[in-house]
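# Descriptive analysis of the structure
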Amino acid sequence: MMENWPPLNRPFLFPEVALLRRWHKEREEVWDAFRRRWLVLGPEEWVRQHLAHYLVNHLGYPKNRLVIEKRVAGGVDSTRMDLLVIGKEGEPLVLVECKAPQTMLSEEVWWQVSGYEMQIPAPVVAVTNGLEMEVRQRAPQGWLNLPGIPPVSAWRRRASKGTKPGLSGK
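Below: a short report on this structure.

Definitions and limits used
- Residues numbered from 1 in each chain as written.
- Predicted model: local features only at pLDDT ≥ 70, side-chain atom pairs only at ≥ 80, totals over all residues.
- Heavy atoms only, no water.
- Patch = residues over 30% accessible without salt bridge, like charges linked within 9 Å, V, L, I, M, F, W, Y side chains within 5 Å.
- Areas by Shrake-Rupley, 256 points an atom, 1.4 Å probe, with all protein chains shown as cover.
- Salt bridge = Lys/Arg side-chain N within 4 Å of Asp/Glu carboxyl O.
- Lys, Arg positive; Asp, Glu negative; His and termini not counted.
- Charge placed at Lys NZ, Arg CZ, Asp CG, Glu CD.
- Helix = DSSP H or I, 4+ residues; strand = E, 2+ residues; numbered from the N terminus.
- Buried < 20%, exposed > 50% of the residue type's maximum accessible area, 1.4 Å probe, protein only.
- Contact = heavy atoms within 4.5 Å.
- Expected span 1.5 Å × (residues − 1).
- Pairing = 2+ DSSP bridges.
- Axes fitted to C-alpha atoms, helices over the stretch in contact; angles between N-to-C directions.

Moving on, we come to a positive patch on the surface. A cluster of basic residues, Arg37, Lys70, Arg71 and Arg80, forms a positive patch on the protein surface. Mapped onto the elements of the fold, arginine 71 is located in strand E4 (residues 66-74).

Listed below in structure tokens is the structure:
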């Protein structure tokens, strides 16, 4: 049972969420309020659920703008991206790859998410393992590091000024 997650001696990035959980067929499941179904509760799903709730409850993104675990065609293979935040017109805003808390956020993880980003060109891309998060924003000179995922208000504010979110005053 995942009562005391994360299992490492480091603080979890996202606020604790009272997830509805159950045991079914000898495995723990979690109710996904976004996809409205029971899912096997593994380490990566734990991170994904907390991130989704954080985006809605703390950063102000509407629940219906989260696209969770959708298939992305990529050459010979097709894979699943973890989480995408879309705008009012369905345009990609934030693409996030979630990893288990034990997974290091290496360049290999960034290569994985960059493959998704080629298919879904989001201006902000992030990777998280629940213990740390790296966020990057596309810019003319390449990718810039951000301190975190911009709140929904940054997109609204920037849209009214005709600029991109994330970097304050620039």
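On to unusual backbone geometry. The backbone of lysine 25 sits at a positive phi, close to 50°, despite the residue not being glycine. Relative to the assigned elements, lysine 25 resides in the loop between strand E1 (21-24) and strand E2 (27-32). Given a relative accessible area of 70%, lysine 25 falls into the exposed group. Positive phi, normally seen in glycine, also occurs at arginine 36, with a value near 55°. Tracing the backbone through its elements, the reader meets arginine 36 in the loop between E2 and strand E3 (37-40). Arginine 36 sits in the exposed class, given a relative accessible area of 64%.

Moving on, we get to the environment of glutamate 16. If you trace the backbone, glutamate 16 turns up in the segment before E1. Owing to a relative accessible area of 57%, glutamate 16 belongs among the exposed residues under this scheme. Along the backbone, glutamate 16 and histidine 53 are 37 residues apart, and their C-alpha atoms lie at a distance of 9.3 Å. Residues in contact with glutamate 16, not counting those within four places in the same chain, are Trp46 and His50.

End to end, helix H1 (residues 43-57) covers 21 Å across 15 residues, agreeing with the expected 21 Å (1.5 Å per residue, within 8%). Within H1 the residues assigned to the buried category are Glu45, Trp46, Val47, Arg48, Gln49, His50, Leu51, Ala52, His53 and Leu55.

All right, on to the sheet that holds E3 then. Strand pairing in a sheet relies on backbone hydrogen bonds. The paired strands run either parallel or antiparallel. Taken in spatial order, the three strands make up an open sheet running E1-E2-E3, and their pairing is antiparallel. A single partner strand is all that each edge strand has here, and the edge strands are E1 and E3. Averaged over all adjacent pairs, the angle separating strand axes in this sheet is 40°, with direction ignored. Across four bridges, E2 lies against E3 in antiparallel orientation. Within the sheet, the bridge partner assigned to aspartate 32 lies in E3 and is arginine 37. With respect to the sheet, H1 is in contact with E1, E2 and E3, its orientation differing from that of E2 by roughly 20°.

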